[in-house]
Amino acid sequence: MRTRILSLAVIALMAGTIVTSCGEASKKDMKAAKEDMTEVGKDLSQASKDAQEEIQTAVKADWGRFKANSEASIADMESDVKTLREKISKASKKEQEKLTADLDRLEEKNKELQAKLEQRGRDFKENVIEFNESAKAKEQQFEREFTYDMDELGTALKDLFKDNVE
């Protein structure tokens, strides 16, 4: 009977040890998993910051090129307006009135485009623009619309005298 009791006690002791050690291993695994999740969260946060900085750099670089080209186009159009004003002064009185009115309207559009470009530049300087994944698409849309407006204005300036040629 002693051997039975002793065997039973040893078995109970072993079962108790196994049960307690399994609980500690689970706790250790849970703690390690939490640490891994925290580390993964930090990595994701850093990756997000890096992506946002990359987008911001790309958008600002594209903006710099676009702004320089646009300012040059606006300056060219202002020069064209001056040249056209000289041509208009040589036209007949009736044509001068019509052409001057048309040219004034086109010159106003040029000033509006210049103001639009300057406002966008201020937004970039003041970091009003939110640099996320859609920022690049929005900037490309702005550039397309602006370029289209500039092209239309340039065409209108070139065609100013075409209607009046007899």
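Numbering of residues starts from 1 in every chain and runs along the sequence as written. The predicted nature of this model means local features are confined to residues of pLDDT at least 70 and side-chain atom pairs, given and counted, to a pLDDT of 80 or more, with totals for whole chains, interfaces and linings taken over all residues. Side-chain descriptors were evaluated using all non-hydrogen atoms of the structure, hydrogens and water having been removed beforehand.

**Q** What am I meant to see in the nonpolar core here?
**A** In summary, soluble globular proteins display a tendency toward joint burial of nonpolar side chains. Counting residues in hydrophobic clusters, the biggest one holds 21 residues, and the most contacted among them are Leu103, Phe146, Leu157 and Leu160. Of all the secondary structure elements, the ones that give two or more residues to this core are α1 (2-89), α2 (93-125) and α3 (133-158). Ranked by the residues each element gives to this core, the list is headed by α1, at nine residues. By definition in these notes, contact holds between two residues if any of their heavy atoms fall within 4.5 Å. When near neighbours in sequence (up to four residues on either side) are disregarded, Phe146 contacts Phe66, Ser70, Ile74, Leu113, Lys116 and Leu117. By nonpolar core we mean a set of buried residues, namely Ala, Val, Leu, Ile, Met, Phe, Trp, Tyr and Cys, connected to one another through side-chain atoms within 4.5 Å. Burial status follows relative accessibility: with a 1.4 Å probe on protein chains alone, a residue under 20% of its type maximum counts as buried, one over 50% as exposed, and anything between as partly exposed. Secondary structure is summarised from DSSP: a helix means a run of H or I of at least four residues, a strand means a run of E of at least two, and numbering begins at the N terminus for each.

**Q** How should I be thinking about the packing of aromatic side chains in this particular structure?
**A** Each aromatic ring pair is characterised by the separation of its centres together with the angle its planes make. Only Phe, Tyr and Trp rings are paired, with Trp represented by its six-membered ring, and only when their centres lie within 6.5 Å; those with planes under 30 degrees apart are stacked, over 60 edge-to-face, the remainder tilted. According to the stated counting rule, one finds five aromatic pairs in the structure shown. Aromatic pair Trp63 and Phe66: ring centres 5.8 Å apart, planes at 40°, arrangement tilted. Taken together, the residues span about one helical turn, with Trp63 and Phe66 both in helix α1 at a distance of three residues. Assigned by exposure class, Trp63 and Phe66 land together as buried. When the ring of Phe66 is compared with that of Phe142, the centres are 6.3 Å apart and the planes differ by 75°; the resulting orientation is edge-to-face. With Phe66 in helix α1 and Phe142 in helix α3, this pair connects stretches of sequence that are 76 residues apart. The residues Phe66 and Phe142 share a single accessibility class, namely buried. Joined through ring pairs, the aromatic side chains of Trp63, Phe66, Phe142 and Phe146 make up one cluster. Lying over the aromatic face of Phe142, Arg120 brings its terminal NZ or CZ to 4.5 Å of the ring centre. Cation placement over rings: the criterion is NZ of Lys or CZ of Arg within 6 Å of the ring centroid and within 35° of the ring normal.

The values are spatial; any link to function lies outside them.
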